Amino acid sequence: MAIWELFTIAVGLAMDAFSVSICKGLSVQRATVKHSVITGLYFGGFQALMPLLGYLLGSAFERFITSVDHWIIFILLALIGINMIRESRKKEEEVNSSFGVKAMLPLAIATSIDALGVGITFAFMAVNIWLAIAIIGIVTFVLSFVGVKAGSYLGAKYKSRAELIGGIVLILIGLKILLEHLGVISW
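A few points on the structure. (Residues numbered from 1 in each chain as written. Predicted model: local features only at pLDDT ≥ 70, side-chain atom pairs only at ≥ 80, totals over all residues. Heavy atoms only, no water.)

**Quick look at the nonpolar core**
- Counting residues in each nonpolar core, the largest one holds 24 residues, and the members touching the most others are L6, I9, L13, V118 and F122.
- When contributions to this core are tallied by element, the ones reaching two or more residues are helix 1 (3–26), helix 2 (33–65), helix 3 (69–88), helix 4 (101–122), helix 5 (129–154) and helix 6 (159–181).
- Top element by residues in this core is helix 5. It accounts for six residues.
- Residues A17, F99, A108 and V148 belong to the second largest nonpolar core, which totals eleven residues. (Core = buried A, V, L, I, M, F, W, Y, C linked by side-chain atoms within 4.5 Å. Buried < 20%, exposed > 50% of the residue type's maximum accessible area, 1.4 Å probe, protein only. Helix = DSSP H or I, 4+ residues; strand = E, 2+ residues; numbered from the N terminus.)

**Quick word on helix 1**
- Compared with an ideal rise of 1.5 Å per residue, which puts 24 residues at 34 Å, helix 1 spans 33 Å between its outermost C-alpha atoms and is within 8% of the ideal.
- For helix 1, the principal kink sits at M15 and spans about 40°.
- Of all 24 residues that make up helix 1, 18 are buried, and the element is covered over most of its length. (Expected span 1.5 Å × (residues − 1). Bend = angle between axes of the 7 residues up to and from the residue.)

**A word on helix 4**
- Here helix 4 is 22 residues long and its end C-alpha atoms lie 30 Å apart, about the 32 Å a rise of 1.5 Å per residue gives.
- Along helix 4, the helix axis deviates most sharply at S112, where the bend reaches about 40°.

**Thoughts on the layout of surface pockets**
- One number sums up the size of the second largest pocket: a volume of about 170 Å³.
- If you go around the second largest pocket, you meet twelve residues; those closest to its centre are I73, F124, M125, I177 and E180.
- Those elements that place two or more of their residues in the lining of the second largest pocket are helix 3 and helix 6.
- Take the lining of the second largest pocket: its biggest share by element is four residues, from helix 6. (1 Å grid on protein atoms, 1.4 Å probe; cavity = no way out; pocket = protein on both sides within 12 Å on 5 of 7 lines; lining within 4 Å. Points joined across faces, edges and corners; volume = space filled by probe spheres on them.)

**Here we look at the side chain of S21**
- Within the secondary structure, S21 sits in helix 1.
- At a separation of 2.7 Å, a polar atom in the side chain of S21 contacts the main-chain carbonyl oxygen of A17.
- If we skip the residues at most four places from it in the chain, S21 touches T39, F43, S144, G147 and V148. (Polar contact = N/O pair within 3.5 Å; in protein donor to acceptor, adjacent residues only side chain to side chain. Contact = heavy atoms within 4.5 Å.)

**Some words on the environment of I173**
- As for its placement among the helices and strands, I173 is situated in helix 6.
- Of the residues examined, I173 reaches a relative accessible area of 12% and is grouped as buried.
- For the pair I173 and T8, spaced 165 residues apart in sequence, the C-alpha to C-alpha distance is 8.5 Å.

**Quick look at the packing of aromatic side chains**
- The tally for this structure, following the rule as stated, stands at one aromatic pair.
- When the ring of F141 is compared with that of F145, the centres are 6.1 Å apart and the planes differ by 35°; the resulting orientation is tilted. Taken together, the residues span about one helical turn, with F141 and F145 both in helix 5 at a distance of four residues.
- Using a relative accessible area of 25% as the deciding quantity, one classes F141 as partly exposed. (Phe/Tyr/Trp six-rings, centres within 6.5 Å; stacked < 30°, edge-to-face > 60°.)

**A short note on the side chain of T111**
- Position of T111 relative to the elements: it lies in helix 4.
- Residue class for T111 comes out buried when judged on its relative accessible area of 5%.
- Leave out the neighbours within four places in its chain, and T111 touches D16, A17, V20, F43 and Q47.

**Focus: a nonpolar patch on the surface**
- A cluster of nonpolar residues, V68, W71, I75, L79, L182 and V184, forms a patch on the protein surface that exposes about 550 Å² of accessible area.
- With respect to the helices and strands, I75 occurs in helix 3. (Patch = residues over 30% accessible without salt bridge, like charges linked within 9 Å, V, L, I, M, F, W, Y side chains within 5 Å. Areas by Shrake-Rupley, 256 points an atom, 1.4 Å probe, with all protein chains shown as cover. Salt bridge = Lys/Arg side-chain N within 4 Å of Asp/Glu carboxyl O.)

Any functional reading would require information that these geometric values do not contain.
So this is what it looks like as structure tokens:
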């Protein structure tokens, strides 16, 4: 998998974290650099950890499902993408203004569950998992950091659009992988 594809996946996965980061920025009177760093570390850290766990899980079962791996990749990415699109249509929820462990840990886990599924798909592909998790973690850190600041300036106006775009990107990547494997397209 090319670096641009990993970067695109990272951006798509980071949209949930970015959206929640915007809300975290909205939840405080004045977002500080400390707020942005805490958010970036939680979200970036978990976005990097989950694909690794998914990769390890997928690798354990790879030999049993190699013949249908392209379908699994497509279905997982499509389901993740559809869920992100569905989430983009939901009514806004109140976000706790705390940046402590009790507030941030559940948010970090919730926003990175999608990355677990992507990690499973990585087990069936030619992916350097260390490069992938580094890119995913760094991209999520940066977007989360920026999201907190953006939330304090821009408001919730762009939250649902970020999730919608992230969902569409993941579906398109899954479709591209499926079509390449079926020989419909080659890049």
